[in-house]
Each structure stands twice: as C-alpha cells, then as structure tokens.
Amino acid sequence: MADDTSKEAGPPRKALPLHVYVIVGVGLISFTSSPILVRYASDAPGLTLAAWRTLIAVLLLAPLALPTIGPELRTFSHREWGLIGTAGVLLGVHFVAWIESLYYTTVASASVLVTTSPIFIAILGYL
C-alpha cells in the first residue's frame, strides 16, 4: 500500500537561478556591513550619512526598477503619492535615529534594537 503522506501538495518548486543567490548575498553583505561602515564615518552628522545612504540606494536601484514599475507609477493617485512620501519621511527619520544611536552605543546593541523592531510593532499592534 502506497503512503500518500510523503507527497507535497501543490506544483513542484523550480530551482532559483544563480543570479538570485548572488543578489541576495550582496544584499546581505551590504546590510550587515552597514553599521560598521557608519561607525567608521562617525565624524559626519547622522543626517548627512542617512541622506547619502539613501541617495546611493536610489542611484543603484532606480535604473533597475523604473523600467519595470514605471507604468504602474503613472496610475498612482494623489493620496497614494502622499502615503509614499509619508513613508519616505518616516524611513528617513528611522535612518537618522539609527545612525545617531550608533554614536551612543555599540554596533551590536544598536543592531539588536533595530532588528527586534518587528517584535515591538507586533506587541504595540496587539495593544
């Protein structure tokens, strides 16, 4: 008698191309090295570092993203653009606060506080 419990539900999964792993690897390296690089650049104000970090990310990612999402961007309403702008301002405040926190504590402590933010959000969302 055949045991059907060993079969997976759904279609078979395809193997991801190698370039996906390379992109994820580069992203992980850049994400994990960021606190150390910010610490080395501690002579600059946090606002300056946050602005440069965001500008460099835009310059690297926009040429890749705009051809794909350009038509969709043209369909956004004024409300959606306002929400996007608000999210951008809040992300900027997050970057400045995090970079400034590196000046007052260790890289490890600041990184732990930032990476546990989903836990705090879940708790506050529940409350």
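Our subject is the structure listed above.
Since the structure is predicted, the reported quantities are computational estimates derived from the model, not experimental observations. (Residues numbered from 1 in each chain as written. Predicted model: local features only at pLDDT ≥ 70, side-chain atom pairs only at ≥ 80, totals over all residues. Heavy atoms only, no water.)

## Section: the overall build of the protein chain
Stage number 1. From N to C terminus, the protein chain includes 5 helices and 0 strands.
Stage number 2. The secondary structure elements of the protein chain, listed N-terminal to C-terminal, are α-α-α-α-α.
Stage number 3. Taken over the C-alpha trace, the protein chain has a radius of gyration of 20 Å; the compact-globule value for 127 residues is 14 Å, which it surpasses by more than 25%.
Stage number 4. Dimensions of the protein chain, computed from the C-alpha atoms along their principal axes, are close to 70 × 40 × 40 Å.
Stage number 5. Burial status across the protein chain gives 9% buried among its 127 residues.
Stage number 6. For the protein chain, long-range pairs separated by at least 24 residues make up 73% of all intrachain contacts whose partners lie at least 6 apart in sequence.
Stage number 7. As displayed, the protein chain has an accessible area near 10,600 Å², and 73% of this comes from carbon and sulfur atoms.
Stage number 8. Measuring between centres, the 7 positive side-chain charges of the protein chain sit 5 Å from its 7 negative side-chain charges. (Helix = DSSP H or I, 4+ residues; strand = E, 2+ residues; numbered from the N terminus. Rg over C-alpha atoms; globule rule 2.2 N^0.38 Å. Buried < 20%, exposed > 50% of the residue type's maximum accessible area, 1.4 Å probe, protein only. Contact = heavy atoms within 4.5 Å. Areas by Shrake-Rupley, 256 points an atom, 1.4 Å probe, with all protein chains shown as cover. Lys, Arg positive; Asp, Glu negative; His and termini not counted. Charge placed at Lys NZ, Arg CZ, Asp CG, Glu CD.)

## Here's the deal with the packing of helix H2 (residues 46-73) against helix H3 (residues 78-102)
Stage number 1. Running from N to C, H2 and H3 cross one another at 150°; their axes reach a closest spacing of 10 Å. Judged by the twist between their axes, the crossing of H2 over H3 is right-handed. Residue-level inspection shows Gly 46, Leu 47, Leu 49, Ala 50, Arg 53, Thr 54 and Leu 73 of H2 in contact with H3, the latter providing Trp 81, Phe 95, Val 96, Trp 98, Ile 99 and Glu 100.
Stage number 2. For the contact of H2 with H3, a count of residues per class yields 9 nonpolar, 2 polar and 2 charged. (Axes fitted to C-alpha atoms, helices over the stretch in contact; angles between N-to-C directions. Left-handed = near helix turned anticlockwise from the far one by under 90°. Nonpolar A, V, L, I, M, F, W, Y, C, P; charged D, E, K, R; others polar.)

## With respect to the nonpolar core
Considering soluble globular proteins, one finds that nonpolar side chains tend to be buried as a cluster.
Stage number 1. Among the nonpolar cores identified, the biggest contains 8 residues, and these are Val 38, Leu 49, Ala 50, Phe 95, Trp 98, Ile 99, Leu 102 and Ala 110.
Stage number 2. Secondary structure elements with two or more residues in this core: H2 and H3.
Stage number 3. The greatest single-element share of this core, amounting to 4 residues, is contributed by H3.
Stage number 4. Dropping the residues within four chain positions of it, Leu 49 is found in contact with Val 38, Ala 41, Ala 44, Ile 99 and Tyr 103. (Core = buried A, V, L, I, M, F, W, Y, C linked by side-chain atoms within 4.5 Å.)

## A word on H3
Stage number 1. The terminal C-alpha atoms of H3 lie 36 Å apart, and with 25 residues this matches the ideal 36 Å at 1.5 Å per residue to within 8%.
Stage number 2. Turning to H3, the residues buried within the fold contact helix H1 (18-40), H2 and helix H4 (107-115). (Expected span 1.5 Å × (residues − 1).)

## A look at a nonpolar patch on the surface
Stage number 1. Among the surface-exposed residues, Trp 52, Leu 55, Ile 56, Leu 59, Leu 60, Leu 61 and Leu 64 lie close enough to one another that they form a single nonpolar patch of about 790 Å² accessible area.
Stage number 2. Mapped onto the fold, Leu 59 is located in helix H2. (Patch = residues over 30% accessible without salt bridge, like charges linked within 9 Å, V, L, I, M, F, W, Y side chains within 5 Å. Salt bridge = Lys/Arg side-chain N within 4 Å of Asp/Glu carboxyl O.)

## Some details on the environment of Val 112
Stage number 1. With respect to the element layout, Val 112 can be found in helix H4.
Stage number 2. When the C-alpha positions of Val 112 and Ser 30 are compared, they lie 17 Å apart, and in sequence the two are 82 residues distant.

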